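Reading the structure
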Amino acid sequence: MDVPQANKAPTPHSGLSNYRKLKWCLWTLVGLVLVVYGLRAFVADVYPIESSSMEPELFPGDWVLVNYDTTMPERGELVVTRGQGGSPIVKRVGGLPGETLLLTPDGDVLIQGKDERRLERGGLERSGPPLVSVFDPAYHEVAEHFAHGSSLVDPWTQVDAVWELDGRGLEPGSHAGYLRHHKGIHNDLVRPDGTLEHGPISVGDAAVSCEVWPLQAGGEFVLQLVERGDTFQVRFDLSDPADTTATLHRISSAGLGSDVLSGQLAEARTALPLSAWTTVRFLNIDNHLRVLVDGVAILDHRYEINREGGGPGGISTGERVLLGGVGCQLRIRAIHVHRDVHYTQRGEYGVNAPVLLGPNEIFLLGDNSTVSQDSREFGPVSLDRLIGRVTRVVWPRERARALESVR
C-alpha cells in the first residue's frame, strides 16, 4: 500500500535564493534607469514640437528624436538650439559660417561662400528643405484640382485613378489635351489629415510628377511648368516610344528679361515604352530645371532670370502646371504637385541687405516662413548654442519616419 508523503519543509537556502533574485532584479532595474538617464543626458532625447514654425515637416504634437551632436551641421539639417530665453527651438540650417546670405523677394536663398564671387541660388544641388506637397492623389481628386478638355471637345476619360487621353484628333497647340492644375501654386500645405491648407503667397518654384503609359506610337507627351513670365516644357516625341527624344523648351512672354532667348534648351534620349508605366518628374527649383525618368536625371539646365509675369509685382498667374499632349494616346496616374519653401520678407537680418556670418555662426530658418521666428528676426546663432540634430519623428506612430533634406 502507498504511504502518503508529508509536505516538504522549505530548505534553509530557499529564502536566500528569493532574496538574491529580488536583489538581481532591483540592480537590473537600476542599471536600466542609469542607461536611459545616460542616453538622455549625453546621447539623445525626445522633444515635443509645440509650434507650427516647421510645418509641414513637423507639426505641433509630433515628438522628435534629437541626437546630442554639436559638430558642424550641414546646410539643410534640422537642428535644436537654445533660444534667446534658453528654451530649445527647432529650425533648419540655411547659412553656414563665413557665408554671406540674402533672402530674395521671390522667396529664394542666395549664398556667397568664402571662395565664391557673388551671391547665387543653389539649385537642386544645394541641400535644403524637402519640397512641399500641394496636390497628393492619396487625399485629393484630380477632377477637383485640374481642368481638362474644352467647351468643344474633351479627349479625357477616367477609370478609377487612371486618366486616359485620346489626343489623336487634336489640333497642334490645343489645351484640351492637358490636365491643367487651376488652383495655382501658393504657400499651401497638406495637413496630417489630408486637408489642403491654402496660403496667400504666390510661390514660383514648382515640380510635377506622374506615371505615364503610352498606348500606341505617335504624338507628343508634355509636362509644363510656368514661373512668372516663363513657360518651361519637356516634350517627349512618341514616334518611337522605345527610343524617345526628350527636349526641354523655354517659351517667354515680353517683359523684364526679354533679352533671354526662348527656344530649345536641352535634348536627351530615353524610353517611355508601350504598355508599361514610367515615372516622369519635372522640377523648376531655384532657376534650375531638371527632368527625371524612373528616377534618372536625363535633362538638366540652369537659367539666370525669369521674365515678369502678368500678376502684381510680376508674379506667376493662371494655370501653372500642365500635363498631357497632342496627337498621342496614353494613360496617366499618380499625379503629384510640389512647391519649394518660400521665405517671406520679414525681420531685418538677411532681408533688406546681405548678412555676413561669422566663423562661429549659422543662419536658422523655419520652413513655415510666414509664422516662423528665426534668424531673420534674432540674427545669426552661435554654434555654442547648438544642442543637437533632429533625426526622426518618433510619435505619433503614423508620422514616424527618418528626417532627410531631399528635394
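That block above? That's the structure.
Each value, and the rule that gives it
- Residues numbered from 1 in each chain as written.
- Predicted model: local features only at pLDDT ≥ 70, side-chain atom pairs only at ≥ 80, totals over all residues.
- Heavy atoms only, no water.
- Patch = residues over 30% accessible without salt bridge, like charges linked within 9 Å, V, L, I, M, F, W, Y side chains within 5 Å.
- Areas by Shrake-Rupley, 256 points an atom, 1.4 Å probe, with all protein chains shown as cover.
- Salt bridge = Lys/Arg side-chain N within 4 Å of Asp/Glu carboxyl O.
- Helix = DSSP H or I, 4+ residues; strand = E, 2+ residues; numbered from the N terminus.
- Buried < 20%, exposed > 50% of the residue type's maximum accessible area, 1.4 Å probe, protein only.
- 1 Å grid on protein atoms, 1.4 Å probe; cavity = no way out; pocket = protein on both sides within 12 Å on 5 of 7 lines; lining within 4 Å.
- Points joined across faces, edges and corners; volume = space filled by probe spheres on them.
- Nonpolar A, V, L, I, M, F, W, Y, C, P; charged D, E, K, R; others polar.
- Contact = heavy atoms within 4.5 Å.

**A few points about a nonpolar patch on the surface**
A cluster of nonpolar side chains, contributed by Val46, Trp63, Val394 and Trp395, occupies part of the molecular surface with about 370 Å² of accessible area. Mapping tryptophan 63 onto the fold places it in strand 2 (residues 63-67). Residue class for tryptophan 63 comes out partly exposed when judged on its relative accessible area of 37%.

**Some thoughts on the pattern of salt bridges**
Within the structure shown, the criterion is met by 24 salt bridges. In this structure, arginine 121 and aspartate 108 form a salt bridge, with 2.8 Å as the shortest nitrogen-oxygen distance. Here aspartate 108 lies in the loop between strand 5 (100-103) and strand 6 (109-112) and arginine 121 lies in strand 7 (residues 120-121), a separation of 13 residues in the sequence. A relative accessible area of 4% means that aspartate 108 is categorised as buried. A salt bridge links aspartate 230 to arginine 250, with the shortest nitrogen-to-oxygen separation between them at 3.0 Å. Residue aspartate 230 is located in strand 17 (residues 230-237), and its partner arginine 250 is located in strand 18 (residues 244-252); the two are separated by 20 residues in the primary sequence. Several salt bridges converge on common partners, so that one network encompasses Glu57, Arg92, Asp367 and Arg401.

**Things to note about empty space enclosed by the protein**
The final tally for this structure, using the stated rule, is three cavities of 30 Å³ or more. Roughly 90 Å³ of internal volume is contained in the second largest cavity. Forming the walls of the second largest cavity are 13 residues, and the residues nearest its centre are Asn187, Arg339, Asp367, Asn368 and Ser369. For the lining of the second largest cavity, the class distribution of residues is four nonpolar, six polar and three charged.

**Focus: the environment of glycine 83**
Here glycine 83 shows up in the loop between strand 3 (78-82) and strand 4 (88-95). Among the residues examined, glycine 83 registers a relative accessible area of 11% and is labelled buried. When the C-alpha positions of glycine 83 and phenylalanine 378 are compared, they lie 9.4 Å apart, and in sequence the two are 295 residues distant. Once residues within four sequence positions are removed from consideration, glycine 83 is found in contact with Ile89 and Arg385.

The values are spatial; any link to function lies outside them.
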